[in-house]
Amino acid sequence: SVSPSIVSIDRDLAQDFERVDAVLPPVFSVKLDVQDPLEVMVSRSFLGVWETLSSSYLAAYRSTEVGGTLPPLPPYSFTNCTGYSVLIDLHHSKLQLEPGSWRSTGTREVVVETGAEVALYASPSTSSTSHRRQASLVLQQTEQRALLHFKLPSLSDTVLKVPLHRACKRYYCVRGIGEMMKQEGGVVASVEPRSTTRLITLSSCLKVSNCLKHKLEVYFMRERGNEVERIKELEPGESTHLPLKAVHTPTAELFFCVPGYYLSKDPLVWRGLQNDPQKLHPLTCVPKPPSHHAAEVMQASCEVEQILWDSSSRRALDSIEVVVEVRPKVQLQNLLPFPLVVTPPNCVDKSMVPPGAVLELSHAQLGAMYLEVELLSYYGRNWKCGRSIESVPAILDVWTFQGSPESGTYTYAGGATSTLELGVHTTSFRGTMTMALYCPFWMVNKTGLDLTYRGDVPNTYICHSRSNSNPVLFSFKSKAFFGKKKASVRAEDSDWSDKFALDAVGSNGIVTCRSRDNTGKERVFQLNVSISLSANGLTKIVVFTPFYKVVNNTQQRLLLQHHEHQRSWKVLQPGVCEGLWADGATRSVRVRYEDSDVPTAPIAYNFLHSTLFRLDDHHGGLLAK
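Below, the structure is looked at part by part. For every chain, the first residue of the written sequence is number 1, and numbering continues from 1 onward in sequence order. Since the coordinates come from a predicted model, pLDDT governs what is reported: local features require at least 70, and pairs of side-chain atoms require 80 or more to be given and counted, while whole-chain, interface and lining totals use all residues. As a convention, hydrogens and water are excluded, and side-chain values are obtained from all of the structure's heavy atoms.

1. Notes on the overall build of the protein chain
As a reminder of what qualifies: Segments assigned H or I by DSSP are reported as helices when at least four residues long, segments assigned E as strands when at least two residues long, and all are numbered from the N terminus. Burial status follows relative accessibility: with a 1.4 Å probe on protein chains alone, a residue under 20% of its type maximum counts as buried, one over 50% as exposed, and anything between as partly exposed. When checking whether two residues touch, look at their non-hydrogen atoms; a contact exists if any pair is within 4.5 Å. Working definition of accessibility: Shrake-Rupley area with a 1.4 Å probe, residue cover restricted to the visible protein chains.
What the protein chain contains, in helices and strands, is four helices and 49 strands. Per-residue burial over the protein chain gives 41% buried out of 625 residues. A sequence separation of at least 24 residues applies to 53% of the contacts in the protein chain between residues at least 6 apart. If you sum the accessible surface of the protein chain, you get close to 34,000 Å²; carbon and sulfur atoms cover 52% of it.

Encoded structure:
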């Protein structure tokens, strides 16, 4: 049943404001109080807006000191990334500097040097006194759209105008760039809303991103044609817009290098990338002496975006923004719960790869590389695998690790020739090939018992001790690695259970293991098996827990005994949950307090009930649910 309630919003108030994306707020909102399950379908854009709002609110919450408030942010923030000075005409833009400061009085123009940022405010002549509220992402609707008037004095006296009412990117043509003042190019004006501020960024049409794990130096060919100039050193994950003089050159060539290496042999020519944006550009850097390392191999991928031309609402062939990403060519990802030791190709030193981490194989050459991977001290053995990587590797492959004993007893049947099969999933994204090493199944033992797993080979099994809280890697032979999987389990010294499927993600089931003691009495271990899919989508996590559990919710220690077997009493600590393993066919136990010899009547636990059991002592009774 649904009982809606409608909250009205003043239509005049709604019409006084315009959102940044030119969408007015709703005239009314509907609130639903739902008692029955209600399915709600939302669009992908809604999820994107929701994620943006939640991240903005969270950032604002974390940046606010306890007991204080944030200072008001300016409505506009201008940043100059062109490499030249920019002159802003405040008078015709109807903007001013910070109100109340001595700089805002009578200032008609402001010069913003390259790399500088300035806060701008609406001038009093254009501010409306009929504002009824302050909003984070709204501006007052005026008859004339706000325009930012600017020019680059060292290049031209032409005044360019940027509309501020729309969040977008625009391309403006300029002339006189470079050392000889003869190059023609363009600047990109980006208007982006962030919190209560509109960020206005003036830059070139070329942006470089460092997607490597180490620093990257960027160079450009000067107009003389025989000399390069260093632009900037990018930190890992850093992006920057190149200055205009480095972008609009006669050759349009860029060079890259990493510390300790020479410049890349072949340049990256960015001009004309809009004709073939999917083309990959290999980059090779030779090491400087006295280093004897192999050459550094990288990959440059480009992304071209068509943007608006000047102040119009149309796009042209030349109005583009290019993003160049320098990425590793090959990398290895560890999707195991244990660290790996990797010997990269053409390297002598070994690298440790923690669980979930990615190792860049910076010296790898596809089709002519040998990779060696080790899994150390796993179940008393060192596991090692060496593979030659083909130029076009298979999307799904199986790598076989050979186990050599460290010391102690063997946990894997089959002696020193035991093997461990792991899967490799190869993907390619923007020229970077990622090889993810994974195990198809993780076995997690939460039963408090010693478990043993067996797959498709009868004489090969894996022991999982109750004291081992780490998952156990469980896989099948390479021939049946990608087929339907079934396994058996054994609890303590019981018989093997019936085979159960491991591919049913999201399922829960019961596995029964039976055993007999020296007197011939049967003991049953019922295990609850739940199967879930990991975040990477390649590994299934199989969790074994007791099907029956007992929790002591009292403030005192209790003693528990199975009804059929008059064995020793088991101690139950307050607030502790433990597994309850049935003895015999009758599912019932007796419970008493530690300081009393009076037990309860048999408590059945094979069906749902809530019963108060009488105790003929000073405690009076126990409630069993």
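2. Focus: the sheet that holds strand β39 (residues 508-516)
Where we set the bar: Pairing between strands is defined by DSSP: at least two bridges between them are needed. Think of each axis as a best-fit line through the C-alpha atoms, taken over the contacting stretch in the case of a helix, with angles from 0 to 180 degrees between the N-to-C directions.
The strand order across the open sheet formed by five strands is β36-β33-β41-β40-β39, and the pairing between neighbours is mixed. If you trace the sheet from one side to the other, it starts and ends with β36 (472-474) and β39, each paired once. Adjacent strand axes in the sheet meet at a mean angle of 30° when their direction is disregarded. Across three bridges, the pairing between strand β33 (residues 441-445) and β36 is antiparallel. Pairing of Met-443 across the sheet is with Val-472, part of β36.

3. Observations regarding the packing of aromatic side chains
Cut-off, in case you're wondering: Only Phe, Tyr and Trp rings are paired, with Trp represented by its six-membered ring, and only when their centres lie within 6.5 Å; those with planes under 30 degrees apart are stacked, over 60 edge-to-face, the remainder tilted.
Across all of its chains, the model carries 13 aromatic pairs by this definition. Measuring from ring centre to ring centre gives 6.1 Å for Phe-441 and Phe-476, while their planes differ by 75°; the resulting arrangement is edge-to-face. In this pair, Phe-441 is assigned in strand β33 and Phe-476 in the loop between β36 and β37 (486-491), connecting sequence segments 35 residues apart. Of the two residues, Phe-441 and Phe-476, neither departs from the other in class, the shared state being buried. The interplanar angle of 70° and the centroid separation of 4.9 Å between the aromatic rings of Tyr-548 and Tyr-605 together place this pair among those described as edge-to-face. With Tyr-548 in the loop between β41 (540-546) and β42 (549-551) and Tyr-605 in the loop between β47 (603-604) and β48 (611-614), this pair connects stretches of sequence that are 57 residues apart.

4. Let's talk about the side chain of Asn-334
For clarity, the threshold we go by: Pairing of N or O atoms within 3.5 Å defines a polar contact, subject to two protein rules: one partner must be a possible hydrogen donor and the other a possible acceptor, and residues neighboring in sequence count only if both atoms are side-chain atoms.
Structurally, the position occupied by Asn-334 is in strand β24 (residues 330-334). Within polar-contact distance, the side chain of Asn-334 engages the backbone oxygen of Phe-338 at 2.9 Å. Discounting chain neighbours no more than four positions away, the residues touching Asn-334 are Pro-339, Leu-340, Val-353, Pro-354, Pro-355, Gly-356, Ala-357 and Leu-437.

5. Some thoughts on a nonpolar patch on the surface
Inclusion rule: Surface patches are defined over residues having more than 30% relative accessible area and no salt bridge, joining like charges when they lie within 9 Å and nonpolar side chains (Val, Leu, Ile, Met, Phe, Trp, Tyr) when within 5 Å. Basic side-chain nitrogens of Lys or Arg form a salt bridge, by our definition, when they fall within 4 Å of a carboxyl oxygen of Asp or Glu.
There is a patch of nonpolar side chains on the surface, built from Val-30, Leu-32, Val-34, Leu-38, Val-40, Val-42, Phe-46, Leu-47 and Trp-50 and spanning about 870 Å² of accessible area. On the basis of relative accessibility, which here comes to 65%, the residue Val-40 falls in the exposed class.

6. What to know about the pairing of β41
The buried fraction of β41 is high, at six of seven residues. Here β33 pairs with β41 via five bridges, running parallel. The residue bridging Phe-441 from the neighbouring strand is Lys-540, located in β41. Bridge analysis of strand β40 (residues 522-533) against β41 gives seven bridges, and the strand direction is antiparallel. Pairing of Ser-530 across the sheet is with Val-543, part of β41. As consecutive antiparallel partners, β40 and β41 are separated by six residues, and within that stretch Gly-537 has a phi angle of approximately 75°, a positive value.

7. Digging into the sheet that holds strand β34 (residues 451-454)
Spatially, β35-β34-β37-β38 is the arrangement adopted by the four strands of the open sheet, whose pairing is antiparallel. The strands lining the two open edges of the sheet, one partner per strand, are β35 (461-464) and β38 (500-501). Of the pairings in the sheet, the one linking β34 to β37 comprises four bridges and is antiparallel in character. When the sheet's bridge partners are listed, Arg-454 is paired in β37 with Ser-488.

8. Some thoughts on the pattern of salt bridges
Scanning the entire structure with this criterion turns up 24 salt bridges. Measuring nitrogen to oxygen at the nearest pair gives 2.8 Å for the salt bridge that ties Arg-614 to Asp-616. Each member of the pair, Arg-614 as well as Asp-616, is classed as exposed. Through salt bridges with shared partners, one network takes in Arg-222, Arg-224, Glu-227, Glu-229 and Lys-245.

Purely spatial values, then, with no claim about function.
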